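Take a look at the letters that make up each chain.
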Amino acid sequence: MSKKITIADLIEQKEQIKKRKAKTMTLYVESLDGHITVQEPDKSIAIEALTMAHDDTRSDMADPYLVYHCVIEPNLKDASLQQAYGCAEPIDIVTMLFRQGEIAAIGGHALHLAGYQVGVRKVDTELKN
């Protein structure tokens, strides 16, 4: 059973919270038959991707944008990789390497690491007479 968080708890955890490092996750990508490492997006990347997802004119770029910024191994921002694949724009590497469903899944895992759609849930309380 979880406990109620108090001001004292938050003060006690201050240093740990301030020193929190970005979470990472290793994912297996079937089409590449190998592993990649994703890191939780920082706030600005997450907000931009979520904004793109709700904009009809840019919604198809939300997941590739997120994947481009969150895959840290291999480094998708490597100029030689992008040049080898003939990318017109740096972000094009994402759609060249991964299947569409994989892009969505990778982006979803990255958001999951940042606490989107997880980590917070309603606590059921019963009214007692």
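Right above here is the structure, for reference.
Report follows, based on the coordinates. (Residues numbered from 1 in each chain as written. Predicted model: local features only at pLDDT ≥ 70, side-chain atom pairs only at ≥ 80, totals over all residues. Heavy atoms only, no water.)

Section: the nonpolar core
Which entries qualify depends on this criterion: By convention a nonpolar core is built from buried Ala, Val, Leu, Ile, Met, Phe, Trp, Tyr and Cys residues, the set being connected through side-chain atoms within 4.5 Å. A simple rule labels every residue: compare its accessible area, found with a 1.4 Å probe on the protein chains alone, to the largest value its type can have, and call it buried under 20%, exposed over 50%, or partly exposed in between. Put simply, DSSP marks the helices as runs of H or I at least four residues long and the strands as runs of E at least two long, and each gets a number from the N terminus on. Pairs of residues are marked as contacts when any of their non-hydrogen atoms sit within 4.5 Å.
Counting 27 residues, the largest nonpolar core has Ile-36, Val-67, Leu-76, Val-94, Phe-98 and Ile-106 as the members making the most contacts within it. Of all the secondary structure elements, the ones that give two or more residues to this core are strand S1 (24-29), strand S2 (34-39), helix H3 (43-53), helix H4 (62-70), helix H6 (92-97) and helix H7 (100-113). Top element by residues in this core is H4. It accounts for 6 residues. If we ignore the near neighbours within four places in the chain, the residues touching Val-67 are Leu-76, Val-94, Phe-98, Ile-103, Ile-106 and Gly-107.

Points about the pattern of salt bridges
Let me state the cut-off plainly: Should a side-chain nitrogen of Lys or Arg be within 4 Å of a carboxyl oxygen of Asp or Glu, the pair is scored as a salt bridge.
Under the definition given, this model contains 5 salt bridges. Here Glu-48 and Arg-58 are joined by a salt bridge, their closest N and O atoms 3.1 Å apart. Here the residue Glu-48 occupies a position in helix H3, and Arg-58 occupies one in the loop between H3 and H4, the gap between them amounting to 10 residues. Glu-48 sits in the partly exposed class, given a relative accessible area of 28%. Here Arg-58 falls in the partly exposed class, since its relative accessible area comes to 29%. Salt-bridge contacts for Asp-55 lead to Arg-58; the nearest nitrogen and oxygen are separated by 3.3 Å. Each of the salt bridges in this network shares a partner with another, and the network as a whole consists of Glu-48, Asp-55 and Arg-58.

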